[in-house]
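# Structure at a glance
Listed below are the residues making up each chain.
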Amino acid sequence: MTEKLLGSIEAGGTKFVVAVADFDFNVKEITKFPTTTPEETLANVINFFKQFEVASIGIGSFGPIDVKVESKTYGHVLNTPKADWSGFDFLGTLKVAFDIPMYFTTDVNSSAYGEYTKGSARGANSVVYFTLGTGVGGGALQDGQFISGIAHAEMGHATVIAHPEDSYVGGCPFHSNHCFEGLAAGPTLEGRTGIKGEKLPRDHKVFDFISYYAGQIAFNTFVNMAPEKIVFGGSVLQESDMPTVREYFKQFNNDYVATPDLEELIVRPSIENNGSATIGNFGLALKVLKE
Ligand code: ZN
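Position numbers for residues count from 1 along each chain, tracking the sequence in the order it is written. In view of the model being predicted, local features appear only for residues whose pLDDT reaches at least 70, and side-chain atom pairs are presented and counted only at 80 or more, with totals across whole chains, interfaces and linings using the full set of residues. Computation of side-chain values: all heavy atoms of the structure, hydrogens and water removed.

## Here's the deal with the sheet that holds strand E10 (residues 266–267)
Here is the rule we go by: At least two bridges found by DSSP between two strands is the condition for calling them paired. Put simply, DSSP H or I for four residues or longer makes a helix, DSSP E for two residues or longer makes a strand, and each gets a number counted from the N terminus.
Spatially, E8-E7-E6-E9-E10 is the arrangement adopted by the five strands of the open sheet, whose pairing is mixed. Unpaired on one side and paired on the other, strand E8 (145–146) and E10 mark the two borders of the sheet. Note that strand E6 (residues 126–132) and strand E9 (residues 229–233) share five bridges and pair parallel. Within E9, the position partnered with Thr 131 by the bridge is Gly 233.

Right, dumping it as structure tokens:
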């Protein structure tokens, strides 16, 4: 009999990463393709999984998406600038092809779950994970459950105060220069300097600004939820920025609340090759299989 495998779909706005692994999360096969129309992209996803005996699938998708199980549009993509995808029944399309358990959540929740199960938040009961890339998102976990109510969290759009020397107008069409994403997403680097983020020297002032926003959001997160771990993933900030992030956290806290060692509290992901979401999806596939 063929070995049963766990499936992962990391659905990004520009590319999809699909993978299968054994029950110890050892990857057996992984592949990626560009995000085009929903029909074409999902056909690629389905063809990939048809090669294997898959027990369950974890899906981490770009959003906004409907993650409320009791909702009529559960599993659908909601209004998104990617016009073709608005209203698309993502989960329903997969369910027609594979009648197996599936877990459907946001890409950042998948990354949070990956770091919680196998990464830098392993062993913690509570974790908040932020990703700073093309966009900014955040997900929170408590005792293995995602924290959400009416909808999934939108932590990227939390209000922040601008750095006194940062005159950038902000990149968010909804919140101009007072939202985390609008001031700290990857495109804001070029927005401020006219130079692509990856070509900027790491000692450039813009990384100090981004660290200021990350430190501020980490402080807000700590006073809101007091999680054991706050993880900053994505390519905008690097390990070398973390001391500055922790320094700004300290300034915002101003010795008010007692914290654990900030080197333990505020960390980068530890799963290699940008694989937090894939590992998280395997974890969620296993979770939904056991439920
Ligand atoms: Zn915003």
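Now, onward.
## Regarding the coordination of the zinc ion
Counted only if it meets this: Only N, O and S atoms count as donors, using a 2.8 Å limit from the metal and a wider 3.2 Å limit for Na, K and Ca, and since water is excluded some coordination spheres may look unfilled. Tetrahedral means four donors with every angle between 85 and 135 degrees, whereas square planar (four donors) and octahedral (six donors) require angles over 155 degrees between opposite donors and between 65 and 115 for all others; sites fitting neither are termed irregular. Only protein chains enter the accessibility calculation, which uses a 1.4 Å probe. A residue is then buried if its area is under 20% of the maximum for its type, exposed if over 50%, and partly exposed in between.
Coordination sphere of the zinc ion, protein contribution only: His 157 (ND1), Cys 172 (SG), His 175 (ND1) and Cys 179 (SG), at 2.1 to 2.4 Å. Considering all four donor atoms around the zinc ion, the spread of angles at the metal, 102 to 120 degrees, places the coordination shape in the tetrahedral class. Accessibility expressed as a relative area gives 26% for His 175, which makes it partly exposed.

## Details of the packing of helix H3 (residues 107–118) against helix H9 (residues 276–290)
Rules: Fitted lines through C-alpha atoms give the axes, limited to the stretch in contact for helices. The angle between two N-to-C directions lies from 0 to 180 degrees. Each angle receives one of four descriptions, namely roughly parallel if under 35 degrees, roughly antiparallel if over 145, roughly perpendicular if within 65 to 115, and oblique otherwise. The contact criterion used throughout is that any non-hydrogen atoms of two residues lie within 4.5 Å. For this classification, Asp, Glu, Lys and Arg are treated as charged, while Ala, Val, Leu, Ile, Met, Phe, Trp, Tyr, Cys and Pro are nonpolar and the rest, including Gly, are polar.
Packing of H3 against H9 brings their axes to within 6 Å, and their N-to-C directions diverge by 80 degrees. With respect to H9, the element H3 is oriented roughly perpendicular. For the pair formed by H3 and H9, the contact residues are Asp 107, Ser 110, Ser 111, Tyr 113, Gly 114, Glu 115, Thr 117 and Lys 118 on the first element and Ser 276, Ala 277, Ile 279, Gly 280, Asn 281, Gly 283, Leu 284 and Lys 287 on the second. Residue composition of the contact of H3 with H9, by class: four nonpolar, eight polar and four charged.

## Examining the pairing of strand E2 (residues 15–21)
Each regular strand carries side chains that alternate between the two faces of the sheet. The element E2 is largely enclosed, with a buried count of six among its seven residues. Following strand E1 (residues 5–11), the chain reverses through three residues before pairing antiparallel with E2. Note that E2 and strand E3 (residues 27–34) share seven bridges and pair antiparallel. If you follow Val 20 over to E3, its bridge partner there is Glu 29.

## Regarding the pattern of salt bridges
To keep it simple, the criterion reads: Salt bridges, as used here, are contacts in which a Lys or Arg side-chain nitrogen is within 4 Å of a carboxyl oxygen on Asp or Glu.
Per the counting criterion, the structure on display carries nine salt bridges. A salt bridge links Asp 166 to Arg 192; its shortest N-O distance comes to 2.7 Å. Of this pair, Asp 166 sits in the loop between E8 and helix H4 (180–184) while Arg 192 sits in helix H5 (residues 187–193), and the two are 26 residues apart along the sequence. Pair check on accessibility: Asp 166 and Arg 192 agree, each one buried. When the shortest N-O distance is used, the salt bridge between Asp 208 and Lys 205 registers 3.2 Å. Taken together, the residues Asp 208 and Lys 205, both in helix H6 (residues 205–225) and three residues apart, mark about one turn of the helix. A single network of salt bridges, built from pairs that share partners, joins Glu 165, Lys 205 and Asp 208.

## Focus: the sheet that holds strand E5 (residues 102–106)
Pairing is mixed in the open sheet, where five strands are placed in the order E3-E2-E1-E4-E5. Unpaired on one side and paired on the other, E3 and E5 mark the two borders of the sheet. Taken over all neighbouring pairs, the strand axes of this sheet differ in orientation by 15 degrees on average, direction set aside. When E1 meets strand E4 (residues 54–61), the two strands line up parallel, connected through seven bridges. Looking across to E4, one finds that Glu 10 is bridged to Gly 60. Sitting on the sheet, H3 is in contact with E1, E4 and E5, with an inclination near 110 degrees to E5. Running at roughly 130 degrees to E1, H9 makes contact with E1, E2, E3, E4 and E5 of the sheet.

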